[in-house]
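# Overview (structure and organization)
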Amino acid sequence: MKTSRPLFISFEGIDGSGKSTQCKMLYHDLLDRGYVVHLFREPGGTGISEKIRDILLDKNNTEMSPITEMLLYFSSRNQLITEKVTPALDKGEIVLLDRFVDSTIAYQGYGRSLPLSSIQKVADVAIGEVRPNLTILVDTPLETAEDRMDDRVLDRLEAENAEFKQRTRNGYLKLASEEPARFLVLDGRKSIEELKSTIASRVYQLLDS
Ligand SMILES: Nc1ncnc2c1ncn2[C@@H]1O[C@H](COP(=O)(O)OP(=O)(O)O)[C@@H](O)[C@H]1O
Ligand SMILES: [Mg+2]
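Residues numbered from 1 in each chain as written. Chains lettered and ligands numbered in written order. Predicted model: local features only at pLDDT ≥ 70, side-chain atom pairs only at ≥ 80, totals over all residues. Heavy atoms only, no water.

In this section: the site of ligand 1. Around ligand 1 sit 15 residues in total, of which Gly16, Lys19, Ser20, Thr21 and Lys190 are the nearest. At 3.1 Å from an oxygen atom of ligand 1 is found a side-chain nitrogen or oxygen belonging to Ser17. In isolation ligand 1 has 560 Å² of accessible area, and contact with the protein removes 72% of it. Contributions of two or more residues to the shell around ligand 1 are made by helix H1 (19-32) and helix H8 (192-208). A breakdown of the residues in the shell around ligand 1 according to their chemical character gives 3 nonpolar, 7 polar and 5 charged. (Near = heavy atom within 4 Å. Polar contact = N/O pair within 3.5 Å; in protein donor to acceptor, adjacent residues only side chain to side chain. Areas by Shrake-Rupley, 256 points an atom, 1.4 Å probe, with all protein chains shown as cover. Helix = DSSP H or I, 4+ residues; strand = E, 2+ residues; numbered from the N terminus. Nonpolar A, V, L, I, M, F, W, Y, C, P; charged D, E, K, R; others polar.)

Quick look at the packing of H1 against H8 now. One way to put it is that H1 packs onto H8 with a least axis distance of 10 Å and a crossing angle of 50°. Between H1 and H8, the interaxial angle falls into the category oblique. Read as a crossing pair, H1 and H8 show a hand that is right-handed. Between H1, through Thr21, Gln22, Met25, Leu26, Asp29 and Leu30, and H8, the contact on the second element is made entirely by Ile192, Leu195, Lys196, Ile199, Val203, Tyr204 and Leu207. (Axes fitted to C-alpha atoms, helices over the stretch in contact; angles between N-to-C directions. Parallel < 35°, antiparallel > 145°, perpendicular 65-115°, else oblique. Left-handed = near helix turned anticlockwise from the far one by under 90°. Contact = heavy atoms within 4.5 Å.)

Outside of glycine, negative phi angles account for most residues, and trans bonds account for most peptide bonds. Here the amide bond leading from Glu42 into Pro43 is cis, since omega sits at -15°, within 30 degrees of zero. At Arg99, a position not held by glycine, the phi torsion is positive, near 90°. For Arg99, the position within the fold is in the loop between strand S3 (94-98) and helix H4 (101-111). Judged by its relative accessible area of 10%, Arg99 falls in the buried class. Non-glycine residue Ser113 carries a positive phi angle of around 65°. Mapped onto the elements of the fold, Ser113 is located in the loop between H4 and helix H5 (116-126). (Buried < 20%, exposed > 50% of the residue type's maximum accessible area, 1.4 Å probe, protein only.)

In this section: the sheet that holds strand S2 (residues 37-41). Read across the sheet, 5 strands follow the order S2-S3-S1-S4-S5 without closing on themselves; strand pairing throughout is parallel. Here the strands that pair on one side only, and so sit at the sheet edges, are S2 and strand S5 (183-187). For this sheet the average axis-to-axis angle between neighbouring strands, irrespective of direction, equals 15°. Bridge count between strand S1 (residues 7-12) and S3: 5 bridges; the pairing is parallel. Across the sheet, residue Phe11 finds its bridge partner in S3, namely Asp98. Contacts from H1 reach S1, S2, S3 and strand S4 (134-139), with the element oriented near 165° to S3. In the packing of H4 onto the sheet, contacts are made with S1, S4 and S5, and the angle to S1 comes to roughly 25°. (Pairing = 2+ DSSP bridges.)

Spelled out as C-alpha cells, the structure:
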C-alpha cells in the first residue's frame, strides 16, 4: 500500500456534467495503483449526512427556504469533514469528494442569489480552513448536461429551471477564474476517456511532485 502526502480533490459541475463518472474512474485508478483513497458524495458520506441529503433532495420539500437549504448543506458537510475527511487526510490518505463547498456558492449563492457574504460566514463556522488541493470543474453546457440526464428521475435541485442552472454554471466559472491555481476547468463535451486522461495527468503530477 502506498503512503503518500494527503491529497484532497473535489469534483464540481452542474447535474449531468459528468463529474460522478470521472471521480469514480479516478477512485478506481488510484486504488489499482495502491493508494489509500476515499470517495464520498455530497451531500452525504456519513449516516447523518445521508439523512440530511434525503431532506435536501426530497421533491416534496417545496417550501424549503434558501437559507434552510444552505444551512443543511453545511451541516451535512461539517459532519462529513469531521467524521471522514479530516481523519483520512491526517493519516496521509487521499480524499475525493463528489461536490464540496463550491457547489453551495454556485447553487445557493449564484443560483438562488443568497448573499455570498452570508455563505462565507457559515463556511467559516462549518468548514473553517478545509479546502481541496485541487478542484476539478467539469464545465458542460446546459443542453448537453440535460441530454445526459434523460433517463434520470430528477431530485429537487435537478428539477430546477434552466435560468437557475445557467446562473449556477456561470457561478462555477467565476469561482474558477478567481482561484485558477486550485481549479482545473475541463470542457465536459469531450469524451469520457479524454477527460479521464487530463485528470489523471494532473493528479499524478501532484502525487509525484
Ligand atoms: N464526457 C462524457 N461524454 C458523454 N457522456 C458522458 C460523459 N460524461 C458522463 N457521461 C454520461 O452522462 C451521464 C451523466 O454523467 P454523471 O457522471 O452521472 O454526471 P453528474 O455526476 O455530473 O451528474 C451518465 O450517463 C454518463 O455515462
Ligand atoms: Mg453525480
